[in-house]
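The lines below spell out each chain.
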Amino acid sequence: MSDATSRTGMKRATTSQDDTRFRLPPTSIHRVEADGVQVFYRAAGEANAPVVLLLHGFPTSSFMFRELIPRLANDYRVIAPDLPGFGFTDVPPERRYPYSFDQLALTIEAFTRAINISRYAIYVFDYGAPTGFRLAMAHPERVTAIVSQNGNAYEEGLGDAWAPIRKYWAAPTADNRDILRQSILTPGGTRWQYTHGVANPESVPPESYTLDTALLERPGNKEIQLDLFLDYASNVKLYPKFQEYFRKSQPPLLAIWGKNDPFFIPAGAEAFRKDIPGAKVQFLDTGHFATETHVVEIAAAMKAFLGNAR
């Protein structure tokens, strides 16, 4: 064998080894019927690996986890459903679905049964927090750990950006409802949620808020979102129950927080330590949608945390 042939063979072997080392598991998309709803979800990782359930918030979908899923999937089975009213989950009109956080939690619980997962860590963000915390309260034995990324459970975590929604809670009039429709449920309002508090707003991929805007514009969807804005008050009333669950069950918890979030401020992350003294708290110099700017840091923190929580 010539030196040239030998070098070529070595190069191919090295390339093959590098390919194996850096290969990311593919993310697949699925639909399954649960609670009379066709739930769309993304999944990656080995079927027998520990499960991480990713629960998104407003106004996004499992698309927000597109960069996080493959970074976790070498070690975990990662599952990210779209909540009813969001993304590509389909709610048939005949289902007459009541858009409340109690119902979102019931649907996601039915979803976990439909795909046969009975133990999982949960990543909760925004609306995913009151949804996931309801699951945890109902079945604390199923939840192995919690990662809260700007997922609030304390009054002190509610920022000033909630003011117009609080006004709607106090007086759910047509005028107050329309104020939210015209101020929050707009292309500019959605983009602002993604870019506020980000050092370089132009670094946020435009496909994220562009997709959310397109899905919000579907017939009837804004009314769904306004119903959920109103029902968010039910989550605040449940905060003491969430906190009781934290105190009694002491789940391993990582609060990793965009510190410039105008909706869920840093005090909400620190508050977890009142009820879970061992909670880990980490702040990132970004806004509400931290995965858009700091997904590498979030994935690394999650893998370190979940590895210790097993």
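Residues numbered from 1 in each chain as written. Predicted model: local features only at pLDDT ≥ 70, side-chain atom pairs only at ≥ 80, totals over all residues. Heavy atoms only, no water.

### Comments concerning the environment of Gly287
One can find Gly287 in the loop between β8 (280-284) and α11 (291-309). Along the chain, Gly287 and Pro262 lie 25 residues apart, while their C-alpha atoms are 7.6 Å from each other. Sequence-distant contacts of Gly287, defined by excluding residues within four places in its chain, comprise Asn150, His196, Gly197, Val198, Gly258, Asn260 and Asp261. (Helix = DSSP H or I, 4+ residues; strand = E, 2+ residues; numbered from the N terminus. Contact = heavy atoms within 4.5 Å.)

### A closer look at the confidence of the model for the protein chain
Looking at the protein chain as a whole, the pLDDT averages 93, with 93% of positions reaching at least 70. A low-confidence stretch, residues 1-18 (pLDDT under 50), is modelled with 1 contact involving residues beyond four sequence positions or located in other chains. (pLDDT = per-residue confidence, 0-100.)

### Notes on the sheet that holds strand β3 (residues 51-55)
If you walk across this open sheet you meet the 8 strands as β1-β2-β4-β3-β5-β6-β7-β8, and the pairing is mixed. Each edge of the sheet is formed by a strand with only one pairing partner; in this case those strands are β1 (28-34) and β8. Within the sheet, the average angular offset between the axes of one strand and its neighbour, ignoring direction, is 25 degrees. As defined by bridge partners, strand β6 (residues 143-148) adjoins strand β7 (residues 253-258) across 3 bridges and the pair is classed as parallel. (Pairing = 2+ DSSP bridges. Axes fitted to C-alpha atoms, helices over the stretch in contact; angles between N-to-C directions.)

### Remarks on the packing of aromatic side chains
By the definition in use, this model includes 27 aromatic pairs. Plain terms: the ring middles of Tyr194 and Phe289 are 3.8 Å apart, the flat faces sit at 0 degrees to each other, and that makes the pair stacked. Linking Tyr194 in helix α7 (residues 187-195) with Phe289 in the loop between β8 and α11, this pair joins segments that are 95 residues apart in sequence. Side by side, Tyr194 and Phe289 carry an identical accessibility label, which is buried. Three or more aromatic residues joined by ring pairs make a cluster, and in this case those are Phe58, Phe86, Phe101, Tyr127, Trp162, Trp169, Trp192, Phe229, Tyr232, Phe263 and Phe264. (Phe/Tyr/Trp six-rings, centres within 6.5 Å; stacked < 30°, edge-to-face > 60°. Buried < 20%, exposed > 50% of the residue type's maximum accessible area, 1.4 Å probe, protein only.)

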